[in-house]
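Observations on the model geometry
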Amino acid sequence: MPRFLVTGAGGQLGRAILEHAGDDAVGLTHADVALEDADAVRQAIATHRPEAVLHCGAWTDVDGCERDPEKADAVNGHGTSYVAESCRAIGARLVYVSTDFVFDGAGTAPYPVDAPTAPISAYGRSKLLGEQAVLRDAEPGFWVVRTSWVFGPGGRNFPRAILDRARSGQPLRVVDDQVGSPTFTPDLAVALCDLATLDAEPGVYHASNEGVCSWFDFAVELIGAAKLENVQIDRMPSSELDRPAPRPAYSVLDCSRLTAVRGAPLPHYRDAVRRYLSLEPAQ
Ligand SMILES: NC(=O)c1ccc[n+]([C@@H]2O[C@H](COP(=O)([O-])OP(=O)(O)OC[C@H]3O[C@@H](n4cnc5c(N)ncnc54)[C@H](OP(=O)(O)O)[C@@H]3O)[C@@H](O)[C@H]2O)c1
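Just so you know, the residues in each chain are numbered from 1, in the order the chain's sequence is written. Where local features are concerned, this predicted model is filtered to residues with pLDDT of at least 70; where side-chain atom pairs are given and counted, the filter is 80 or more; whole-chain, interface and lining totals use all residues.

**What about the overall build of the protein chain?**
- The secondary structure content of the protein chain amounts to ten helices and twelve strands.
- Relative to the 2.2 N^0.38 estimate, which gives 19 Å for 283 residues, the radius of gyration of the protein chain is 18 Å and therefore close to what a compact globule would have.
- Viewed in the frame of its principal axes, the protein chain has a C-alpha envelope of about 55 × 35 × 35 Å.
- Across the protein chain, the fraction of contacts at a sequence separation of at least 24, relative to all contacts at a separation of at least 6, is 80%. Here a strand is any run of E in DSSP of at least two residues, a helix any run of H or I of at least four, and the numbering for each starts at the N terminus. Based on C-alpha atoms, the radius of gyration is set beside the globule rule, defined as 2.2 Å times the residue count to the power 0.38. Once C-beta atoms are placed from the backbone, any two residues with those atoms within 7 Å are in contact.

**As for the pairing of strand S5 (residues 142–147)**
- Within S5, six of the six residues are buried, which leaves it mostly tucked inside the rest of the structure.
- Each residue is classified by how many other C-beta atoms fall within 10 Å of its C-beta atom, where C-beta atoms are placed from the backbone; a count of 20 or more means buried, 12 or fewer means exposed, and values in between mean partly exposed. With burial as the criterion, each face of S5 is covered, one bearing Phe142, Val144 and Arg146 and the other bearing Trp143, Val145 and Thr147.
- Assignment of crossover handedness uses the view with strands pointing away from the viewer, where a clockwise path from the first strand over the helix to the second indicates a right-handed crossover. Crossover strand S4 (residues 93–99) to S5 through helix H5 (residues 122–135) is right-handed.
- Strands were regarded as paired on the criterion that DSSP finds at least two bridges between them. Two strands pair when backbone bridges link them, and S5 and strand S10 (residues 203–206) are joined in this way by four bridges, in the parallel orientation. Opposite Val145, over in S10, you have Tyr205 as the bridge partner.

**What to know about the environment of Phe142**
- As for its position among the elements, Phe142 is in strand S5.
- Assessed through the 21 C-beta atoms surrounding it within 10 Å, Phe142 is described here as buried.
- For the pair Phe142 and Ser214, spaced 72 residues apart in sequence, the C-alpha to C-alpha distance is 32 Å.
- When near neighbours in sequence (up to four residues on either side) are disregarded, Phe142 contacts Leu94, Val134, Leu135 and Pro202.

**A few points about helix H4 (residues 69–90)**
- Here H4 spans 31 Å end to end across 22 residues, near enough to the 32 Å set by a 1.5 Å rise per residue.
- The principal kink in H4, of about 30°, is found at Gly79.
- Every buried residue belonging to H4 is among Ala72, Asp73, Val75, Asn76, Gly77, Gly79, Thr80, Tyr82, Val83, Ala84, Ser86 and Cys87, and all of these are buried.
- In this structure, the buried residues of H4 make contact with strand S1 (4–7), helix H2 (38–48), strand S3 (52–55), helix H3 (62–67), S4 and H5.
- Following H4 by one or two positions, Gly91 has its phi on the positive side, about 75°. Multiplying one less than the number of residues by 1.5 Å gives the expected span of a helix. Fitting axes to the seven residues that end at a residue and to the seven that start at it, the angle between those axes gives the bend at that residue.

**Re the environment of Pro186**
- Mapping Pro186 onto the fold places it in helix H7 (residues 185–197).
- Between the C-alpha atoms of Pro186 and Gly152, which are 34 residues apart in sequence, the distance is 7.1 Å.
- Not counting the four nearest positions on each side in its chain, Pro186 is found in contact with Ala16, His20 and Gly152.

**Describing the site of the ligand**
- Think of it this way: take the backbone, place a C-beta atom on it, and check whether that atom is within 6 Å of the molecule or strand, in which case the residue is near it. Taken together, 24 residues surround the ligand, and among them Gly8, Gly11, Leu13, Ala58 and Val150 come closest.
- Breaking the shell around the ligand down by element, the ones donating at least two residues are helix H1 (12–21) and S4.
- For the shell around the ligand, the element with the most residues is H1, which contributes three residues.
- Any residue that is not Ala, Val, Leu, Ile, Met, Phe, Trp, Tyr, Cys, Pro, Asp, Glu, Lys or Arg is counted as polar, Gly included; the first ten are nonpolar and the last four charged. When its residues are assigned to classes, the shell around the ligand shows ten nonpolar, twelve polar and two charged.

**Some words on the packing of helix H8 (residues 215–225) against helix H10 (residues 269–279)**
- Look at H8 against H10: their axes get within 10 Å of each other, and the N-to-C directions meet at 50°. Taken together, H8 and H10 sit at an angle that is classed as oblique. The hand of the H8/H10 crossing is right-handed. Seen from H8, the contacting residues are Glu221, Leu222 and Ala225; seen from H10, they are Arg270, Val273, Arg274 and Leu277.
- By residue class, the composition of the contact of H8 with H10 is four nonpolar, no polar and three charged. Only C-alpha atoms enter the line fits that serve as axes; for helices the fit covers just the stretch in contact. Angles between N-to-C directions range over 0 to 180 degrees. In this scheme, roughly parallel covers angles under 35 degrees and roughly antiparallel covers those over 145, while 65 to 115 is roughly perpendicular and the rest are oblique. Whether a crossing is left-handed or right-handed is set by the direction in which the near helix is turned from the far one by less than a right angle, anticlockwise for left-handed and clockwise for right-handed.

**Let's talk about the nonpolar core**
- Ile17, Leu54, Leu94, Val95 and Leu192 are the most contacted members of the largest nonpolar core, which has 83 residues in total.
- For this core, the element with the most residues is H7, which contributes seven residues.
- With residues near it in sequence (within four places) discarded, Leu192 still touches Ile17, Leu54, Val95 and Val145. Remark: nonpolar core denotes a set of buried Ala, Val, Leu, Ile, Met, Phe, Trp, Tyr and Cys residues whose joining runs through C-beta atoms within 7 Å.

**Some thoughts on the pairing of S3**
- Covered by surrounding structure in S3 are Ala52 and Leu54 together with Val53 and His55, the residues of both alternating faces.
- Bridge count for S1 against S3 is four bridges, and the pairing is parallel. Each bridged residue has a counterpart across the sheet, and for Phe4 the counterpart in S3 is Ala52.
- Relative to S4, S3 runs parallel, the two being bridged by four bridges. By the bridge assignment, Leu54 is partnered in S4 with Val95.

Function-wise, these values are silent; they only describe arrangement.
What follows is the structure, encoded as structure tokens:
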């Protein structure tokens, strides 16, 4: 019987949790179980009978979700309700990884865990649906952990795209009117496993690396830390990207509730960038 069953095990966060937890964790990939298949979800959780499910699986293609909101709700919303029901059925704990996209981004100070939600995208609405399924009965051992700007080794993410482009000598134009906190998967993995084993109050927690930046600032930090020279990098407004789904302009999360439970915040994102570069192959 594993301690942790990890959904989204093929994704960037799922892989980091499996690496951190080692023999304590078993992973479910998309190929193993489709979250929108209620019977498959129930059967997998009942078979493994973990102490806790760390639910990272999600359809994270924000623009894809905007084009197909029903699929977004089916995977991220209803899929999460099947995970929650299955955990209730066997008495397992549940950590559901959610997102800063449940907020509208109009804030100007870090969002506390009880700030009103108002998602502006189909992805955000689908993840909020998942939160409501998890928080339905406020039972002990059920937690929602919202995070932001996730990056880690092996993921298709912002640092990978920036470094690939910079190394190939292409000029960069990066959005400077969206602000948030990058979150490094190995750091988040530790925090999620901690929460799953502590007797913390049920409910919502926020978890991101320390520090606040724009995407432009983040790109400059990456290029500097990677010691890439002669990279042309310019600022651009997000309106020029013309993407189907709107993104929150302000995504900073107040992580003090999780810090109080764990006794320490996640490390600063600048420190995380350096560890990421030491793990990520150049190409
Ligand atoms: N990435 C971010 O910036 C960010 C920010 C805030 C919160 N989050 C949340 O953090 C969690 C982990 O994100 P991540 O960055 O690790 O995402 P990721 O790399 O896209 O991983 C998500 C995993 O879920 C799987 N998946 C997708 N659709 C599925 C389905 N219908 N049934 C079963 N599995 C399915 C994917 O498999 P396939 O690729 O094979 O489909 C993928 O392995 C997610 O819950 C996400 O909402 C992410």
